[in-house]
Every structure is written in structure tokens, then in C-alpha cells.
Amino acid sequence: MDPRPILHVDLDSFFVAVERVLDPRLNGRPVAVGGSPESRGVVSSASYEARARGVRSGMAMARALRLCPVLVRVRGRHEVYARASKAVRGVLDGFSPVVEPLSVDEAWLDLGGTGILFGGAVDTAERIRREVRDRLRLDLTVGVAHNRLVSKVASTFAKPRGLFEVRLGCAAGFLAPLPVRSLPGVGPVTDRRLQELSIPRLGVLAATETWFLEAVFGNSGPSMRARARGEDSTPVRPPGEAPTRRSIGHEETFPEDIDDPRLLKARLRRLLDKAA
């Protein structure tokens, strides 16, 4: 029996999309959701019109406004986004009993055993996209594959408002020409190190000797090579079955620079208390 199909669904520019549902005047304009530049706010979500001008999530709002002076800033309403996310989850639950939220705007679905109800995985993905669009006026991008890893890369590849399937046996070929930073878990530091080693693409990483990667990256080296080949056996886990959370954190952005060690230590202690 073939491995079960896995979908990775990703709401496009989720916070901005919800704001546009509530205020259609924002449609077609460069929009960023986030804090004010005066209080060192950062961009939480940016429309594709804003991204075309260099605005990115995590960027300081002041810099975003310098890059795009006509940027429309929306403060953001996280309780509204939570309700919208819950509504989308309600749609997903109608297509599979095995749904694992990855974040407020992403989730995996295990479609094993659902074919008799909804047809093939691509047809099901298209139905999900259509239902979310018709009921909630939000756009979904969906990656279809036979494991979590490849489905997530496929959805990133298909953005925005796309649908892309990686068929069984085609994962390595799909991944091979992609830059190594496309692999989930490869951050800026690892990417830079791989570039220094003349390993710019996943196909090169997949063909690199295991002993060499282990010597450079330790135990994560062989795993990284396997993932570059599209290998991933991690199951989709509904929230009640998810493994124990590995980390928790709290953060604070200061309106002005603080160089007083005592004050910084006091703020740090407060954040640690919240985390604990």
C-alpha cells in the first residue's frame, strides 16, 4: 500500500488577509500588520504588494516605512486572527480526523483513508481551498506529498494561492534544484556554512558523504542529508498527541536602547518569571 498522502496548508499573508476581509479598502494596497515605528514595532505580516518593495515579516516597522512610504500600517487584532484560525480549522476537520496545527496559519493533514469520501489528494486539496475561500474569503496555499517535510516545501514552492503536488518517488528530484535554505530547519547560520562548503543546493547536499556532514555538523549532519533527499517518517499528530513542547519564551521590545545592566537584569528576571 502506498504511503498516505499528507497536505500542508498555509494561509497566505494571514493577518493582512483577515484585515482585508474586514476592510476591503485595503485590497491591492501595500499593507503591513504590526506595531508602531515609534515604539520599535515590527512587521508581523506583510501583503505581497509590500513584499515586492522589500518589506518582510520580522522587519522593524520604521525600516518598512522607509522602504515603502505608501505602506498602510494596521495595528493588528490577534483575538480576531485567533477566531479566523479556528474557523479555518473547522473546515480542515471536515476533511480529515488527523490535523496537526503548525501555527495560527499553517497545518498538516493526514488524508489516509479519506479517498473513498473525497477522492484523490489533489482533488481534496482543491476542495479545501475552495471551501475556505467561499466561506471565509481567505486564500490557502497547499502542498501535497507523502510526508510532512516535502509537503511543507511544496506549499512554500507554490505560494501565493497555489497548489503543488510532489508525487510518490519524485521527492528527491523535486528538492534537488532548490537552494539549501529551502529545507525546513536550515537557518541563516547553517545556510552560510553550507555555502562556504560549496553545497548551495539540496541535490548537492543529498549527494554529500554522510561522514563529511557528520564531521562538520555533528549528529544533525546525516539527518540533514536524509531530509535533503526527501526522507521523513514523522507522523502527523493532532494536538492531543503532540510531543512535549520543547521550549517556551517571552520577549519585549524596548522603545529606546537600554545600557544599564541593572535595569536589563530586572527586565530579564520579569521575562523569566513569565516563562516559568
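In the block above lies the structure referred to throughout.
Okay, so let's go over this structure.

Parameters and conventions
- Per-chain numbering applies: the sequence of each chain, read as written, is numbered from 1 onward.
- Since the coordinates come from a predicted model, pLDDT governs what is reported: local features require at least 70, and pairs of side-chain atoms require 80 or more to be given and counted, while whole-chain, interface and lining totals use all residues.
- Only heavy atoms go into the side-chain values, all of them from the structure, while hydrogens and water stay out.
- The cut-offs for exposure are 20% and 50% of the maximum accessible area for each residue type, with area from a 1.4 Å probe on protein chains only; residues under the lower value are buried, those over the upper are exposed, and the others partly exposed.
- Note on conventions: DSSP H or I runs of at least 4 residues are helices, E runs of at least 2 residues are strands, and numbering of each starts at the N terminus.
- Directions are taken from the helix axis to each C-beta atom, and the arc is the one they span.
- Note on contacts: a residue pair qualifies if any of its non-hydrogen atoms lie within 4.5 Å across the two residues.
- In this analysis, strands are considered paired if DSSP registers two or more bridges between them.
- Fitted lines through C-alpha atoms serve as axes, helices being fitted only where they are in contact, and the angles separating the N-to-C directions of these axes extend from 0 to 180 degrees.
- Just so you know how the angles are binned, under 35 degrees is roughly parallel, over 145 roughly antiparallel, 65 to 115 roughly perpendicular, and the rest oblique.
- Crossing handedness is defined as follows: a turn of the near helix away from the far one that is anticlockwise and smaller than a right angle gives a left-handed crossing, while the clockwise case is right-handed.
- Gly falls in the polar group here, along with every residue not listed as nonpolar (Ala, Val, Leu, Ile, Met, Phe, Trp, Tyr, Cys, Pro) or charged (Asp, Glu, Lys, Arg).
- Working definition: rings of Phe, Tyr and Trp (its six-membered ring) pair if their centres are within 6.5 Å, and the pair is stacked with planes under 30 degrees apart, edge-to-face with planes over 60 apart, and tilted otherwise.
- Criterion for a charge above a ring: Lys NZ or Arg CZ within 6 Å of the ring centre, and within 35 degrees of the ring normal.
- Working definition of a nonpolar core: buried Ala, Val, Leu, Ile, Met, Phe, Trp, Tyr and Cys residues. They are joined through side-chain atoms within 4.5 Å.

1. Overview of helix H12 (residues 220-228)
Burial in H12 covers these residues: Gly 221, Met 224 and Ala 228. The buried residues of H12 occupy an angular sector of 65° when projected down its axis, which confines them to one face. On the buried face of H12, the contacting elements are helix H8 (171-175), helix H9 (188-196), helix H10 (202-207) and helix H11 (210-217).

2. Regarding the pairing of strand S2 (residues 31-34)
Residue alternation in S2 divides its side chains into two sets, Val 31 and Val 33 and Ala 32 and Gly 34, and both sets are buried. Taken together, the 3 bridges between S2 and strand S4 (residues 72-74) define a ladder with parallel strand orientation. In the strand pairing of S4, Val 33 is matched with Val 74. By the bridge criterion, 3 bridges tie S2 to strand S3 (residues 43-46) in an arrangement that is antiparallel. When the sheet's bridge partners are listed, Val 33 is paired in S3 with Ser 45.

3. Thoughts on the packing of helix H4 (residues 78-93) against helix H6 (residues 121-136)
At a closest axis distance of 10 Å, the pairing of H4 and H6 adopts a crossing angle of 140°. The angle between the axes of H4 and H6 places the two elements in the oblique class. Every pair of crossing elements has a handedness; the one defined by H4 and H6 is right-handed. Contacts between H4 and H6 pair Ala 87, Val 88, Val 91 and Leu 92 from the former with Ile 128, Glu 131, Val 132, Arg 135 and Leu 136 from the latter. Within the contact of H4 with H6, the residues separate by chemical class into 7 nonpolar, no polar and 2 charged.

4. A few points about the packing of H11 against H12
A packed helix pair is summarised by two numbers, namely the angle formed by the two axes and the spacing between the axes. For the pair H11 and H12, interaxial distance at closest approach is 7 Å and the crossing angle is 130°. Here H11 lies oblique to H12, going by the angle between them. Both H11 and H12 take part in a crossing whose hand is right-handed. Together, Thr 210, Leu 213, Glu 214 and Phe 217 of H11 and Ser 220, Gly 221, Pro 222, Met 224 and Arg 225 of H12 make up the contact between the two elements.

5. Considerations on the packing of aromatic side chains
Under the defined criterion, the tally for this structure stands at 8 aromatic pairs. Three or more aromatic residues joined by ring pairs make a cluster, and in this case those are Phe 14, Phe 15 and Tyr 81. Its end group placed over the ring of Tyr 48, Arg 51 keeps NZ or CZ at 4.3 Å from the ring centre. The ring of Trp 108 carries the charged tip of Arg 148 above its face, separated from the ring centre by 3.9 Å.

6. Topic: the nonpolar core
One finds Leu 7, Phe 14, Leu 92, Leu 109, Ile 128, Val 132 and Leu 138 to be the most contacted residues of the largest nonpolar core, which totals 34 residues. Elements represented by at least two residues in this core include exactly strand S1 (6-11), helix H1 (14-22), S2, S4, H4, strand S6 (106-110), H6 and strand S7 (140-145). Not counting the four nearest positions on each side in its chain, Ile 128 is found in contact with Leu 7, Leu 92, Phe 95, Leu 109 and Leu 140. Counting residues in each nonpolar core, the second largest holds 22 residues, with Val 153, Ala 154, Val 180 and Leu 194 among its members.

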